[in-house]
Structures are given as C-alpha cells and as structure tokens.
Amino acid sequence: MPEQFNHYLLEDCKNDKASTIDRRISSYREYLHFIQAPNVTKHPDVKFCLRKIYRRIGCLRKQARPLQRHEIDLMLLTCDLDNPCGLRNAVMLELGYHSGSTVIQYLRAWEDI
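Not measured: the values here are computed from a predicted model. (Residues numbered from 1 in each chain as written. Predicted model: local features only at pLDDT ≥ 70, side-chain atom pairs only at ≥ 80, totals over all residues. Heavy atoms only, no water.)

Chemist: Provide a residue-level description of the overall build of the chain, including the pertinent values.
Modeler: A tally of helices and strands in the chain yields six helices and zero strands. Reading the chain from its N end, one meets helices and strands in the order α-α-α-α-α-α. Burial status across the chain gives 29% buried among its 113 residues. A separation threshold of at least 6 residues defines the contact pool for the chain, and within that pool the share at least 24 residues apart is 54%. (Helix = DSSP H or I, 4+ residues; strand = E, 2+ residues; numbered from the N terminus. Buried < 20%, exposed > 50% of the residue type's maximum accessible area, 1.4 Å probe, protein only. Contact = heavy atoms within 4.5 Å.)

What follows is the structure, encoded as structure tokens:
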C-alpha cells in the first residue's frame, strides 16, 4: 500500500505545490481514519518520498517571527481593563509575549477571544 501512495505522490502530484500535497495527504489521512484502515501516510517510505518531493520543489517552511514589544503595547491599548474580558485579554497578551509565542499562534488566540 505505501508503494501505491508513493506512486501517487511522485506521478499525480508532480506539478503541485507543497501546500496542495500537504492538504491532499491530510484529507487522505482523515479518510483512512474514517474507514478505520491503517495509516500509510506515516510509513517511513512515504515520509522519505515526501522529503524527496519537498527537496525537488525547493520549499522551505518559514518560521513565524515573534511579536515585538511595541506591537504588544498597541494591542494592550485596545483592552478595556475595567471589565473581566478586557483584563483577561491583557493577561493573555502578556503571557503570550513572555512565553515566546509566534505571531500566528497569537492571531489564532486573538480570534478566539
């Protein structure tokens, strides 16, 4: 089964971007989970094939940059410290900043508030 999946990756996905391949693998993984079949996407041969494809495409994962202090201060200005939600938001911002969270993690948390 991993051989068939490798063939699919090498032949049918050869013109796709890395993000498209990642989405297809994720969808297939969920399908396998749904039908309670073995997950071939985690097989070492498949992982090796993916590394080969990513090397050929030349894709590098970009690391999100950390927020700067002045950006945190601007966000803190929007928090109303007189009500519990505003106070909670300010605490989350400070904790996130001091824990070294990335911008993406920050924005996802901010959307949930």
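Chemist: Summarise the confidence of the model for the chain; cite the residues concerned and give the values.
Modeler: Chain-level statistics for the chain give a pLDDT mean of 82 and a share of 84% at 70 or above. The spread of mean pLDDT over the elements of the chain runs between helix α6 (residues 103-112), the lowest at 64, and helix α4 (residues 69-77), the highest at 90. (pLDDT = per-residue confidence, 0-100.)

Chemist: A description of helix α5 (residues 84-99) should follow, citing residues and the corresponding values.
Modeler: Between its first and last C-alpha, α5 extends 22 Å over 16 residues, near the 22 Å set by a 1.5 Å rise per residue. The opening residue of α5 is Asn83, an N-cap whose side-chain oxygen sits 3.1 Å from the backbone nitrogen of Cys85. Note on α5: the residue one or two positions beyond its end, Gly100, has a positive phi of about 85°. (Expected span 1.5 Å × (residues − 1). Polar contact = N/O pair within 3.5 Å; in protein donor to acceptor, adjacent residues only side chain to side chain.)

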